[in-house]
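Letter by letter, the chains look like this.
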Amino acid sequence: MKILAPANHKGGVGKTKTATQFAQYAAVVLAEKGIINKRVLLIDFDPQTNASQQFLKMETDPSSPEGFMPPIHPDYSSDDDSWNGRSSIADIFYPELGTQGIRPYPTYLPNLDICPAHSSRLETARQVRKSEVAELILNRLKLFLDQDDVKEEYDLVVIDTSPSKCPLTTCALKAATHMVIPCVMEDKSIKGVFGMLQFWLQQNENRDELNKLELIGIFANMYDARTSLHTQHYEALSKTPGISKYLLNEKLSRRIAFAEVDSDSACPKSIFNYPDSDKAKQEALSLYEIIAKRMFNYV
Amino acid sequence: MSKKKFGISQELAVSMAKTIDMGESKTNYYSTKIAIDRIKIDPENPRKLFLNISDIKKGLNKNDPDFEKKQQEFDEQRILADSIEKEGLIHPVIAYKDGESFNLVAGERRLLATMILGKEFIEARVFNQKPTGYKKKLVQWFENNERKDLTLSERIANIQDLVHAYNQENSDSKLTADSLAKICNLSKPQSYAYLQVINANASIKKAISDGVLNDLDAARKLSSLDEGEARLAINGIQKGELKTSHIKKKKIITPPATRTKPGRARVAVDFGKTKKLEVAKVVLTTLLENPQIKSKLTEHLDIDWTSMSDISDKFSYIINLLERDVSK
C-alpha cells in the first residue's frame, strides 16, 4: 500500500487541491489502467476540513463554532448504540472511541473513500503538550494504516496535511511512503520547500533502511507563465544543484477551472470530467501521470 | 524602471542543495521496475533454495537428482505466486546494479514466484551502491523481518551476522544494545534480549535451532540459568511439563518432574497418612527389616503398636537416622 502526502509548510500552495485531485485521478485513471486494483483512501488531516468539504456535507461543530465535523455516516442506523454515527480520522487520537473503529465515508466515485477531518478534535491533537506528543500523537496514523484490514482494502492512501509545522504534519509524514511538494513560484513558498526538504531529511534519519520516505518531486502550482516572478523563480530552482532532478517539468497553471471544481454546485465535480480539450484537465493529467509513474513504477 | 529580476538567494540555494544531498544519502536506493532477465542471484549470498531461475524458465527435469525437493519448492512458490497475483507484490525485491545486470540481495522467493506468473518485470528497490558488510546484513534483517514465518533461530542468526559484521567494520567501537536497538528498530529490551541469547550456552542454542524454543523472551530467561538448569528446563519444555512462563530469571520455579498440578510446589516427600494401625505396623516393620536401617539402629526399638503417636515418632526417628546418614 502506498501512502502519498503532498506537503509544504506554507499555506495556500495547493496541498489540498493536489491531494483531492490525485485521489480522484487514481480512483478513475489508475484504476482503468489496472495500476490500482483495490480502492483509494483520502485522509483529511487538516483541521480546516477543506478536503472533506469537497466530498461530504460537513456540519458545523457545536463545540467549536468555526469548525466542522463529519455528517452522520450513511451506514449508521439509529438503533445502533455502539457508536454515535460520526467517524473521523481524528478518532485515532481517542482510543476510548476505538471500539467503533474508523469508518471511511463513500464518495461520489465508487472506489474512492474518505476519512474526513473533525476540526476541534484535530485542533486538540495539534496542541498537545510537547512532553506528551510522541506517545499520544506521532505514531497514531502509521499504526492505523499498518493494520491488515486497511492494507487489504486500499492500494493507495492520500493524506491532505496541515500547513503548519505541528505534530499533525509530523504524524502524517511518519505514516507516508511518498511525499510531493507543491510550490507557488514565490519567495515564501520556496522557503517552505526548503523546510519540507529538511523535514524529509529528518524523517529518513529515523526510518529503517527499507522504509524511507521517497521524495517524488517539487512541482509548480498556480503558475503564471506571463510573470517574471514565476518564470524566473522556476528557472532559478531548476538551476539549483540537486533540486533540478526533483523539479517536475509538469506544472499546474493559475486557471479558473481549478477553483470552479471546488464549488458546492460545481458541475462537473471533477477536473477529470472536463472535455479532453480543456487545458486545466490536460495539465492535471500530465502532472498526476508523472507522480503516479514515480510512485508505482509503471511504464 | 529597471527590469525586474527574481531568483533564489545563494544562501538558500546552497542550503537546499546540501539538504538534498544529505537526504539522498539517507535514502540510498530508488524504487523501480527491473526486467527479470537482467536479474542474477548475488553470488555472495548463500542460497537456501534448490529451485533456481533456470528451473522456472526451462521447467523441472525429472532426471535432476534434486527433482523432488525442487518440485516441493515449486509447489510452495506456486502458492506465493497466487498470492502475488491476487494482492500484488507487497515488498519489492532488493538488488544493486552490476554493469548491465542487477544482483539480487533479497527476495529470491518473490522473484521465482513472479517468474511463475510469467511476468517480465518486477518491482525492486535498487541500491545506489552494493550494500556490503554490516549494511548488507542490516538490509537483510529488515527484509527478513517482513516474513511472518521467520523462526527465532533465523532471527538470531541474522542479528548475530549483523553484530559480527558491524564489529569487524568498527574495531574501535563495538555494537552496544542501545545502538543495535536504534539501527534495527528494536525496543531496548528486545535488543538486550537478542544480545543475551546470542551469548547463551550450547543447549539453549541447540533448543532454538531445533525449534524447541521459538520465543525470544523465554530464550532470554533460560540464558540466565546455568547449563544444568537450562538443560533441565529445556527437557521439561520438550515433554510439555514446563511452560516457558514458569521460568523466572535466574531460577526455574519448579523442576518439571515434580510439578504435576497447580499450586505451591512440594518441598518434601509426604509418605501419606493412615488411620489404620495395622497398615502402619506393616509399613514400619518392613522398614525395620531393611538391612540398611537395621545397621543404623544401635538398640532395639520398642514400639507401642496400639499408639498412633508412638508409631509416628518411631517412623520420624528412622527418617532422621537416614537423613543424617545421607548428609554425611
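Per-chain numbering applies: the sequence of each chain, read as written, is numbered from 1 onward. Here every chain gets a letter starting at A, and every ligand a number starting at 1, in the order they are written. In keeping with the predicted nature of the model, local features appear solely for residues at pLDDT of at least 70, side-chain atom pairs appear and are counted solely at 80 or more, and the whole-chain, interface and lining totals rest on all residues. The side-chain figures draw on all heavy atoms in the structure; neither hydrogens nor water molecules are used.

K.L.:
Tell me about the packing of aromatic side chains, and name the residues and values.
P.N.:
Any pair of aromatic rings gets described here by the distance separating the centres and the angle formed by the planes. Residue and element names in this part refer to chain A. Only Phe, Tyr and Trp rings take part, Trp by its six-membered ring, and two of them pair if their centres are within 6.5 Å. Stacked means planes under 30 degrees apart, edge-to-face means over 60, and tilted covers everything else. Enumeration over the complete set of coordinates arrives at 13 aromatic pairs over all chains. Centre to centre, the rings of Phe 45 and Phe 93 are 6.0 Å apart; their planes meet at 45°, and the pair counts as tilted. Taken together, the residues span a long stretch of sequence, with Phe 45 in the loop between strand 2 (39–44) and helix 2 (50–55) and Phe 93 in the loop between strand 4 (64–69) and strand 5 (105–106) at a distance of 48 residues. Look at Tyr 76 and Trp 83: their rings are 5.4 Å apart centre to centre, the planes differ by 85°, and that puts the pair in the edge-to-face class. Only protein chains enter the accessibility calculation, which uses a 1.4 Å probe; a residue is then buried when its area is under 20% of its type maximum, exposed when over 50%, and partly exposed in between. Residue classification places Trp 83 among the buried residues on the basis of a relative accessible area of 5%. Two conditions define a charge sitting above a ring: the NZ of Lys or the CZ of Arg must be within 6 Å of the ring centre, and it must be within 35 degrees of the ring normal. Arg 121 extends its terminal NZ or CZ atom over the ring of Tyr 94, reaching a point 5.3 Å from the ring centre. Between the NZ or CZ atom of Lys 251 and the centre of the ring of Tyr 223, over which it lies, the distance is 5.4 Å. Helix numbers and strand numbers start at the N terminus; a helix is a DSSP run of H or I with at least 4 residues, a strand a run of E with at least 2.

K.L.:
So what's going on with the environment of B:Lys69? Residues and values would help.
P.N.:
Residue and element names in this part refer to chain B. Note on placement: Lys 69 falls in helix 3 (residues 67–87). With a relative accessible area of 43%, Lys 69 lands in the partly exposed category. Sequence spacing of Lys 69 and Tyr 166 is 97 residues, and the spatial spacing of their C-alpha atoms is 35 Å.

K.L.:
Can you tell me about the packing of helix 7 (residues 167–175) of chain A against helix 8 (residues 187–205) of chain A, naming the residues and giving the values?
P.N.:
All names here are of chain A. Packing of helix 7 against helix 8 brings their axes to within 11 Å, and their N-to-C directions diverge by 55°. Taken together, the axes of helix 7 and helix 8 are oblique relative to one another. With respect to the hand of their crossing, helix 7 and helix 8 are arranged in right-handed fashion. Only Met 196, Phe 199 and Gln 203 of helix 8 make contact with helix 7, whose side of the interface consists of Thr 169, Thr 170, Leu 173 and Lys 174. Gly is put with the polar residues, along with every residue not named as nonpolar or charged; the nonpolar set is Ala, Val, Leu, Ile, Met, Phe, Trp, Tyr, Cys and Pro, and the charged set is Asp, Glu, Lys and Arg. For the contact of helix 7 with helix 8, the per-class residue count stands at 3 nonpolar, 3 polar and 1 charged. In this analysis, axes come from line fits to C-alpha atoms, helices being fitted only over the stretch in contact, and the angle between any two N-to-C directions falls in the range 0 to 180 degrees. Relative orientations are named as follows: roughly parallel for angles under 35 degrees, roughly antiparallel for angles over 145 degrees, roughly perpendicular for angles from 65 to 115 degrees, and oblique for any other angle. Helix crossings fall into two classes, left-handed where the near helix is turned counterclockwise from the far one by less than a right angle and right-handed where it is turned clockwise. Residues are treated as being in contact if the distance between any of their heavy atoms lies within 4.5 Å.

K.L.:
Explain the interface of chain B and chain A residue by residue, including any values.
P.N.:
The interface of chain B with chain A comprises 35 residues on the first partner and 36 residues on the second. A quick way to say it: buried area is the sum, across both parts, of accessible area lost when two parts are put together, with a 1.4 Å probe. Interface area, chain B with chain A, both sides summed: about 3100 Å², of which 62% is carbon and sulfur. One speaks of a salt bridge when a side-chain nitrogen belonging to Lys or Arg is within 4 Å of a carboxyl oxygen belonging to Asp or Glu. In this assembly, chain B and chain A are joined by 2 salt bridges. The closest approach of N and O atoms between B:Glu24 and A:Lys245, which form a salt bridge, is 2.7 Å. Whenever two N or O atoms come within 3.5 Å, that pair is a polar contact, provided that in protein one can donate a hydrogen and the other can accept it, and provided that, for residues adjacent in sequence, both atoms are side-chain atoms. Put simply, chain B and chain A have 6 residue pairs in polar contact (both at pLDDT 80 or more) between them. Breaking the side of chain B that touches chain A down by element, the ones donating at least two residues are helix 1 (10–26), strand 1 (29–35), strand 5 (121–127) and helix 5 (133–145) of chain B. Considering each element in turn, the side of chain B that touches chain A owes the most residues, 11 residues, to helix 1 of chain B. Here the residues of the side of chain B that touches chain A sort into 14 nonpolar, 9 polar and 12 charged.

K.L.:
Could you give an account of the pairing of strand 6 (residues 112–115) of chain A, with specific residues and numbers?
P.N.:
Residues and elements named next belong to chain A. Every second residue of strand 6 is oriented toward a common face, with Leu 112 and Ile 114 on one face and Asp 113 and Cys 115 on the other, all of them buried. Pairing analysis gives 4 bridges linking strand 2 to strand 6, with the strands arranged parallel. Bridged to Ile 43 within strand 6 is Cys 115. One requirement defines pairing of two strands: DSSP has to find at least two bridges between them. As paired elements, strand 5 and strand 6 share 2 bridges and run antiparallel to each other. Each bridged residue has a counterpart across the sheet, and for Pro 106 the counterpart in strand 6 is Asp 113. Hairpin geometry of strand 5 and strand 6 is characterised by an intervening segment of 5 residues between the two adjacent antiparallel strands.

K.L.:
Kindly report on the pairing of strand 2 of chain A, identifying the contributing residues and their values.
P.N.:
All names here are of chain A. Buried residues dominate strand 2, accounting for 5 of its 6 residues. Note that strand 2 and strand 7 (residues 154–160) share 6 bridges and pair parallel. Considered in strand 7, the bridge of Val 40 is made with Leu 156.

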